[in-house]
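Residues per chain, in single letters:
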Amino acid sequence: MLRVVVCVSGGGTNLQAIIDGIANGSVFHTEIVRVVCNNPGVRALERAKAAGIESVCVSPKDFEDRGAFEAALCRSVEEASPDLIVLAGFMVKVPTELIRKYENRIINVHPALIPAFCGKGYYGLRVHEAALARGVKITGATVHFVDEGMDSGPIIMQKAVEVHEDDTPETLQRRVMEEAEWVILPWCINLIAAGQVKVENGRVTVTE
Ligand code: GAR
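Residues numbered from 1 in each chain as written. Predicted model: local features only at pLDDT ≥ 70, side-chain atom pairs only at ≥ 80, totals over all residues. Heavy atoms only, no water.

1. So, helix α5 (residues 125-134)
It helps to recall that an α-helix has 3.6 residues per turn; residues three or four apart then point in one direction. We apply this condition: Burial classification: accessible surface area is computed with a 1.4 Å probe over protein chains only, and a residue below 20% of its type maximum counts as buried, one above 50% as exposed, and the rest as partly exposed. Only DSSP runs of H or I reaching four residues or more are called helices, and only runs of E reaching two or more are called strands; each is numbered from the N terminus. Picture the helix axis, draw a direction to every C-beta atom, and the arc is the one those directions span. In what follows, a contact means two residues having at least one pair of non-hydrogen atoms within 4.5 Å.
Of all the positions in α5, only V127, H128, A130 and A131 are classed as buried. Here the buried residues of α5 occupy an arc of 160° about the axis, which is enough to place them on one side. Buried residues in α5 make contact with β5 (106-110) and α6 (169-193). In the segment just after α5, G135 is the residue with positive phi, at about 80°.

2. Topic: the sheet that holds strand β1 (residues 2-8)
For clarity, the threshold we go by: Two strands pair if DSSP finds at least two bridges between them. All axes here are fitted lines through C-alpha atoms, helices being fitted over the stretch that makes contact, and every angle between N-to-C directions spans 0 to 180 degrees.
Taken in spatial order, the seven strands make up an open sheet running β3-β2-β1-β4-β5-β6-β7, and their pairing is mixed. In the strand order of this sheet, the two ends are held by β3 (55-57) and β7 (155-162), each with one partner. Across the sheet, the axes of successive neighbouring strands diverge by a mean angle of 20°, strand direction being ignored. Across seven bridges, the pairing between β1 and strand β2 (residues 30-37) is parallel. Within β2, the residue paired with V4 across the bridge is I32.

3. Observations concerning helix α1 (residues 13-23)
Within the span of α1, buried status applies to T13, N14, L15, A17, I18, I19 and G21. Looking at the buried residues of α1, the elements they touch are β1, β2, α2 (43-50), β4 (84-87), β5 and α6. Looking at the residues trailing α1, positive phi occurs at G25, about 85°.

Purely geometric stuff here, so don't read any function into it on its own.
Next up, the structure:
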């Protein structure tokens, strides 16, 4: 069994996609052992509870400084002894200590086709606002390993999504989630659980 800790900040629809994938058998040999959240009272926590998954909320507001928050965050992830850490809409910069310790064992879903619309300041709805402002006709989602940069780690999978002329950031976000994020994130976890994902020289290959 692949022990997965899922880190969330908000709505938790990507968390739900993983929960559903495990429940319907499209994600094999995987168990979500804990959900870690940095925001109290968000929908993602309700989703974890409804699925019977233990959750821990670590809010920066409860700590004196960033260092204390980061230490508590690392602790709450590591206590669960994960094989894989999944950032599913997690709006916190992951502490370097955790990234180094879990090299190629942390994945993130980003709502654009990296290297477009990624890096500092590109998260959530802002990504879709930027895509619409630029007038791109195709956008999508990316699942990648997390390294010490911003959205710069090895890419595991990407899926393209059409932009419609009458899109708002909200309608585009929804389509990217439905057609790409909720599909490729559980898929990648399944591939990792099956041992089919290899990283070499910063590039990913998926084996049969
Ligand atoms: C998702 O679109 C995810 O790709 C994005 O935030 C949303 C979270 O939705 N993540 C980022 O922008 C990270 N850079 P969710 O809470 O409903 O899964």
